Amino acid sequence: MRSISTRIPDELRVEGRYAIIGVGGIGTWIAIALALSCTPRSCTITLIDSDVVEVENMNRLPIPFTFALDRVYKVDAVAWYIQQVRPDVKVFGIPTKINTLDDLVSLRTMQSVNMVIETTDSPMIEKIVKRFAYGMRLPLISAKYDGLRGSIEYISEVITSQPDTWDLEIRTGYSVFPSTPIVPMFIASLVVAIIASSDLYKYLYIDIDLKNLRMEVRKVE
């Protein structure tokens, strides 16, 4: 097998151990974009989601021949695809549901991650993940999408406010169905760019309005 090119500028290097919680219409795109952008042999990605591939969600999963994966856990389907296109990236799927903070803490792999990426549509899970990242002093990216609008929130490990005081700006459900893949693809690209340059920010919030072709950025450097 031919080796993957390693001619990557230092400012674009993506290295580390990442956990992606929520592998749906946006988490899948982020997982694949992150894997494709990783510096060769320098990344480990853990995927956490209890859902399975089925007809109702196939339109949001950018995985070839998805119908052959019907009723397969999403984490296993995405992990399989990443292993085909980037065999040098270590990827693990954990098909479990996060209901409490202890559910995250008890996962051994979460004790060694460098960054947490949360993409669920549950305010409860978002708050749990934020509390986990805060307690472990880990940088966190929370990415959301509802069909026409999307958002990305980056919170560095130096933020000292309590997670319970953070506003939950999550939008639940999809306002458009079938939902366009344009926004999650764009969000995934932005997430990887934020990961590559995360040392430049303490806090970053990006709001994306596809309907009005508008993007608003708030940041603390």
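Starting from 1, residues in each chain are numbered consecutively following that chain's sequence as written. Given that this is a predicted model, residues contribute local features only at a pLDDT of at least 70 and side-chain atom pairs are listed and counted only at 80 or more, while totals for whole chains, interfaces and linings are drawn from all residues. Side-chain descriptors were evaluated using all non-hydrogen atoms of the structure, hydrogens and water having been removed beforehand.

A count of helical and extended segments in the chain gives five helices and eight strands. Going residue by residue from the N terminus, the α and β elements of the chain occur as β-α-β-α-β-α-β-α-β-β-α-β-β. Burial statistics for the chain: of 221 residues in total, 50% are counted as buried. Contacts are residue-level and defined by heavy atoms, with any inter-residue pair within 4.5 Å sufficient. Nonlocal contacts in the chain, meaning residues at least 24 apart in sequence, comprise 69% of its contacts between residues at least 6 apart. For the purposes of this entry, the term helix denotes a DSSP run of H or I that reaches at least four residues, the term strand denotes a run of E that reaches at least two, and both are numbered from the N terminus. Categorising residues by exposure relies on relative accessible area from a 1.4 Å probe, with only protein chains included: less than 20% of the type maximum marks a residue as buried, more than 50% marks it as exposed, and the intermediate range marks it as partly exposed.

A helix's residues, less one, multiplied by 1.5 Å, set its expected span. Between its terminal C-alpha atoms helix α2 (residues 74-85) stretches 17 Å, which fits the 16 Å expected from 12 residues at 1.5 Å a residue. The set of residues buried in α2 consists of Lys74, Val75, Ala77, Val78, Ala79, Tyr81 and Ile82. Buried positions along α2 lie against α1 (27-37), β2 (43-48) and β3 (90-94).

Remark: a regular strand shows side chains that alternate across the two faces of the sheet. For β2, the buried fraction is high: six of the six residues fall into the buried class. Burial of β2 is two-sided: the residues Cys43, Ile45 and Leu47 facing one way and the residues Thr44, Thr46 and Ile48 facing the other way are all buried. Sheet topology places strand β1 (residues 16-21) next to β2; six bridges connect them, and they run parallel. Looking at the pairing, Ile21 lines up with Ile48 of β2. Think of it like this: strands point away, you trace from the first strand over the helix to the second, and a clockwise trace means the crossover is right-handed. In the classification by handedness, the crossover that spans β1, the intervening α1 and the parallel β2 is right-handed. Note on pairing: DSSP must find at least two bridges between two strands before they are called paired. Relative to β3, β2 is paired through five bridges, and the arrangement is parallel. Paired with Thr46 across the bridge in β3 is Phe92.

What follows covers the state of the cysteines. The disulfide criterion used throughout: a pair of cysteine sulfur atoms within 2.5 Å. Counted by the stated rule, this structure contains one disulfide. Linked covalently through their sulfurs, Cys38 and Cys43 form a disulfide whose S-S length is 2.4 Å. Note on the Cys38 and Cys43 pair: the S-S dihedral is about -100°, so by sign convention the disulfide is left-handed. Its relative accessible area of 4% is what places Cys43 among the buried residues.

The next subject is the side chain of Arg86. With respect to the helices and strands, Arg86 occurs in the loop between α2 and β3. Among the residues examined, Arg86 registers a relative accessible area of 5% and is labelled buried. Under the rule applied, a polar contact is a pair of N or O atoms within 3.5 Å (in protein, one hydrogen donor and one hydrogen acceptor; residues adjacent in sequence only if both atoms are side-chain atoms). In terms of polar contacts, Arg86 uses its side chain to reach the backbone carbonyl oxygen of Ala35, at 3.1 Å.

A few words now on the side chain of Thr44. Here Thr44 lies in strand β2. Setting aside residues no more than four positions away along its own chain, Thr44 makes contact with Gly16, Arg17, Tyr18, Lys90 and Phe92.

So, on to the sheet that holds strand β8 (residues 214-220). Read across the open sheet, the eight strands follow the order β3-β2-β1-β4-β5-β6-β7-β8; overall the sheet is mixed. Bordering the open sheet on either side are β3 and β8, each of which pairs with just one other strand. Going across the sheet, the axis of each strand differs from the next one's by a mean of 10°, ignoring polarity. Whenever a helix is involved, its axis is fitted only over the stretch in contact; in every case the axis is a line through C-alpha atoms, and angles between N-to-C directions fall within 0 to 180 degrees. Along the sheet, α1 makes contact with β1, β2, β4 (115-118) and β5 (140-145), crossing β1 at roughly 165°. Packing against the sheet, helix α4 (residues 123-136) makes contact with β1, β4, β5 and β6 (149-155), and its axis sits at approximately 165° to β5.

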